[in-house]
Amino acid sequence: MLEISRKNARIWSMLGMRRVVGIMLEELAGSDEHFIFATADLGRYLGAADFEDKYPGQMIDVGIAEQNLIGVSAGMQQEGFHVFAGTYATFVTARALDQIRVNLGYMNLGVKLIGAAGGLSDGNFSPTHMALEDIADIRPIPGIAIISPADGAEVVKAMYALAEYEGPAYLRLTGRANTPVIYTEDYDFKIGKAVCLKEGTEIAFVASGTIVATVQKAAAELEKKGISCKVINMHTIKPLDTQALDELEEFKLLVTVEEHMAAGGMGSAVAEYMGAKAKRPVQQIIAAGHEYPHAGEYEILLETCGLTVDGIVKKVEGRYRELQNGR
Amino acid sequence: MENQKKFVENELADMAQRMKRKVLDMAYHAGKNGAHLGGALSCIEILAVLYGSVAGVQAQNPCAESRDKVLIGKAHCVLAYYTALYEAGFISEEDLDSFEKNGSDFVGHPLKNIEKGIEYAGGSLGMALSVACGMAYRAKHKGNGSRVYVLLGDGECQEGSVWEAMMFAANYELDNLVIIIDNNGIQSDGTTAEVAGMRDLKGKFHEFGGEVVEVDGHDINALKEAFGTEHARKPLVLIAHTIKGKGVSFMENQASWHHSVLNEEQYHKAKSEIEGI
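Residues numbered from 1 in each chain as written. Chains lettered and ligands numbered in written order. Predicted model: local features only at pLDDT ≥ 70, side-chain atom pairs only at ≥ 80, totals over all residues.

Asker: Quick question: what am I supposed to make of the domain arrangement of chain A here?
Answerer: In many reports, interface size means the accessible area that the parts give up when they come together. Residues and elements named next belong to chain A. Under the domain assignment, chain A is made up of domain 1 (6-172) and domain 2 (195-324). Spacing between the C-alpha centres of domain 1 and domain 2 amounts to 26 Å. Between domain 1 and domain 2, the contact holds 25 residues from the first and 28 residues from the second. Mapped by element, the contributors of at least two residues to the side of domain 1 that touches domain 2 are α7 (134-138), β5 (145-147) and α8 (152-164). Residues that form the side of domain 1 that touches domain 2 fall into these classes: 13 nonpolar, 7 polar and 5 charged. (Domains from an automatic or database assignment. Contact = placed C-beta atoms within 7 Å. Helix = DSSP H or I, 4+ residues; strand = E, 2+ residues; numbered from the N terminus. Nonpolar A, V, L, I, M, F, W, Y, C, P; charged D, E, K, R; others polar.)

Asker: When you look at the nonpolar core in this model, what are you seeing that I'm missing?
Answerer: When a protein is soluble and globular, its nonpolar side chains tend to lie buried together. Core analysis: the biggest nonpolar cluster contains 200 residues, and I203 and F205 of chain A together with L79, A80, A132 and C133 of chain B have the highest contact counts within it. It is helix α6 (residues 128-142) of chain B that provides the largest number of residues to this core, a total of 9 residues. If near-sequence neighbours (up to four positions away) are discounted, A80 of chain B is found in contact with M19, V23, A40, C43, I44 and L47 of chain B. (Core = buried A, V, L, I, M, F, W, Y, C linked by C-beta atoms within 7 Å. Buried ≥ 20, exposed ≤ 12 C-beta atoms within 10 Å, placed from the backbone.)

Asker: Just to check I follow, could you spell out the sheet that holds strand β7 (residues 236-241) of chain B for this structure?
Answerer: The strands making up a sheet associate through hydrogen bonds between their backbones, and the pairing can be parallel or antiparallel. Residue and element names in this part refer to chain B. In spatial order, the strands read β1-β2-β3-β7-β6; together these 5 strands make up an open sheet with parallel pairing. Every interior strand has two partners, whereas the edge strands, β1 (69-72) and β6 (211-216), have only one. Pairs of neighbouring strands in the sheet enclose a mean axial angle of 20°, with direction left out of account. Relative to strand β2 (residues 148-153), β1 runs parallel, the two sharing 4 bridges. Counterpart to K69 in the pairing with β2 is V148. Where helix α10 (residues 220-227) meets the sheet, it contacts β3 (177-183), β6 and β7, and its direction lies at approximately 170° from that of β6. (Pairing = 2+ DSSP bridges. Axes fitted to C-alpha atoms, helices over the stretch in contact; angles between N-to-C directions.)

Asker: What am I meant to see in helix α1 (residues 6-15) of chain A here?
Answerer: Counting along an α-helix, one turn takes 3.6 residues, and residues three or four places apart therefore face a common direction. Residue and element names in this part refer to chain A. Among the residues of α1, A9, W12 and S13 are the ones counted as buried. Summarising the axial view, the buried residues of α1 lie within an arc of 105°, below the 170-degree limit, and thus occupy one face. As for α1, its buried residues are in contact with α2 (17-31) and α8. Backbone geometry just after α1 places G16 at a positive phi near 85°. (Arc of directions from axis to C-beta.)

Asker: Is there a simple way to think about the packing of helix α4 (residues 66-78) of chain A against helix α6 (residues 97-106) of chain A in this case?
Answerer: What describes two packed helices is the angle between their axes and the distance between those same axes. All names here are of chain A. Packing of α4 against α6 leaves a shortest axis separation of 9 Å and a crossing angle of 10°. Judged by the inter-axis angle, α4 sits roughly parallel to α6. Contacts between α4 and α6 involve Q67, I70, G71 and A74 from the first element and Q99, I100, N103 and L104 from the second. The residue inventory of the contact of α4 with α6, partitioned by class, reads 4 nonpolar, 4 polar and no charged. (Parallel < 35°, antiparallel > 145°, perpendicular 65-115°, else oblique.)

Asker: What is the right way to read the sheet that holds strand β2 (residues 59-61) of chain A from this model?
Answerer: Residue and element names in this part refer to chain A. Taken in spatial order, the 7 strands line up as β2-β1-β3-β4-β6-β5-β10 in an open sheet, and their pairing is mixed. Edge positions in the sheet fall to β2 and β10 (236-238), since each of these pairs with one other strand and no more. The sheet shows a mean angle of 20° between the axes of neighbouring strands, direction not considered. Alignment of strand β1 (residues 35-39) against strand β3 (residues 82-88), held across 5 bridges, turns out to be parallel. Each bridged residue has a counterpart across the sheet, and for F37 the counterpart in β3 is F84. Across the sheet, α2 is in contact with β1, β3 and β4 (112-116); its angle to β1 comes to roughly 145°.

Asker: Explain the packing of α2 of chain A against α8 of chain A to me, please; I cannot follow it from the model alone.
Answerer: All names here are of chain A. Closest axis-to-axis distance for the α2/α8 pair is 9 Å, and the angle between their directions is 35°. Here the hand of the crossing between α2 and α8 comes out right-handed. Two secondary-structure elements touch here, α2 through M17, V20, V21, M24 and L28 and α8 through G152, V155, V156, M159 and A163. The residue inventory of the contact of α2 with α8, partitioned by class, reads 9 nonpolar, 1 polar and no charged. (Left-handed = near helix turned anticlockwise from the far one by under 90°.)

Asker: I'm lost on the pairing of β7 of chain B in this one. Help?
Answerer: Side-chain positions along a regular strand alternate between the two faces of the sheet. Residue and element names in this part refer to chain B. Within β7, 5 of the 6 residues are buried, leaving the element largely enclosed by the surrounding structure. Sheet topology note: the β3/β7 ladder contains 6 bridges and is parallel. Looking at β7, one finds that V178 is bridged to L236. Pairing geometry for β6 and β7, over 6 bridges, is parallel. Counted as the bridge partner of V213 is L238 from β7.

Asker: Just checking my understanding: could you explain the interface of chain B and chain A for this structure?
Answerer: With 19 residues of chain B in contact, the opposing surface of chain A contributes 22 residues. If you list the elements that add at least two residues to the side of chain B that touches chain A, you get α6 and α7 (160-171) of chain B. Taken together, the residues of the side of chain B that touches chain A break down into 11 nonpolar, 5 polar and 3 charged.

Asker: When you look at helix α9 (residues 211-224) of chain A in this model, what are you seeing that I'm missing?
Answerer: Residue and element names in this part refer to chain A. Look at α9: 20 Å from first C-alpha to last across 14 residues, which is about the 20 Å you get at 1.5 Å a residue. For α9, the full list of buried residues reads I211, V212, A213, T214, V215, Q216, A218, A219 and L222. Positive phi appears at G226, one or two residues downstream of α9, with a value of about 85°. (Expected span 1.5 Å × (residues − 1).)

The structure is reproduced here in structure tokens:
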């Protein structure tokens, strides 16, 4: 079992989520002879360059053929393998969506999908390689869990949890190398159970992915302005932790933040649940927007989309002041 | 020995005949919903040979790890598929009679149910071969001798995912995988040649690394022989030349009978033609 420590957190941060996945693939393969890592020509990218040498027979590369990746993975899963299938987030979801519907949804085969470059992180490759609709693609399909870890340690926790999880799931990776660190010591990670990172009373932030660290900083800025903020790491987008959301009824403003299109993502999931409540805060969805951003470096794209500390503080404070004035 | 062989052949011919009767009954009773008749009648003998003789399916022990598996890609052939499962002892007459009734598990495209011999929920074309590849890979890895058979339509081979899977099957030398193409030449909108420019299916499968054999898909003896083809380190691909709507004059080679309603007059005419009256 890999230890969640300050030292490891620093290493995992430096490596970025993709390469933490590579470490975890070896970790899981080493303890389970039925473990299979399947990929569509993205083995090296997912930090698994040496995996096949170390664990012969436990890696399948189908080539650049995502539909086949899902089908083969499903067939192997049905016959008793424990399959983690990974490639780019947008290819492992949208490109093979009908295969996912039928094999993982309808037939409920417990393949674990891993999507690298969720959100904007590979945005310099243009929108073809951005994954801004992946959550919306998977979320309506019955029975597929969606997990978006906030940092490297949470990738480790999530992959241990997924190895024990029977059903199908989608693990969404965000950020590049040198990802922010949230967790430096062990903590309780359960699929479907959000983690409260900071208590507060007026504004409740709900976020998932590496953007959680940005949200923490934004919340700290708002605290300096005298606004009390709660921060929730909603690492599991499906099933949503509705209990954690039930505790937000008295807040003035609920802010969801995600690296995804505004439609259909984590914010939408929260809104679908909160909308039915008689008493609920106003919700502000902060996301990448409704358009494909022009290709560019990750940091530039985050700025363009307003997904920076300043961008978030400005939007949230603005909305909060409006609400104070009864608008 | 020769007598015994002949007996088995007659049995398979009888099985196919019973399947055809039942297919027409079920289609007729489906009433105004109609049913996929053409593509069911084209693969009767293929399924009779598979379920009656070639595939080691085990109705008494449907989850046995060593069982052979049959996956149906062109799952709109459920009429033929369900009747084959009935003949092989997986499903009951009541199951058959519930076809397309509200609440039934025996719906227009099969619901996965391993206890009932249904290994895969076919319906969305082009997906079954990938799943069959995953199963065959696993069986090979385990060395349990289990073989995987997958029935595809020729129209289904227009799906690109079929060729993704075929590359995989050849690359991983899946010699426990058998692909049968029900090559009836017709799809919903017309002939496969007109609609999609399908050419030389044999050449395509050969180039993708399969051991390819062409066979008359309505000839039980020929099918049995073709299934016995050696295919060391390669998947076996049987291109079964068939006639859509086989055995019913007004359905044969008619795209309109891909899915249609069978009225009373047509039902009786079809029944008597099938019986050779």
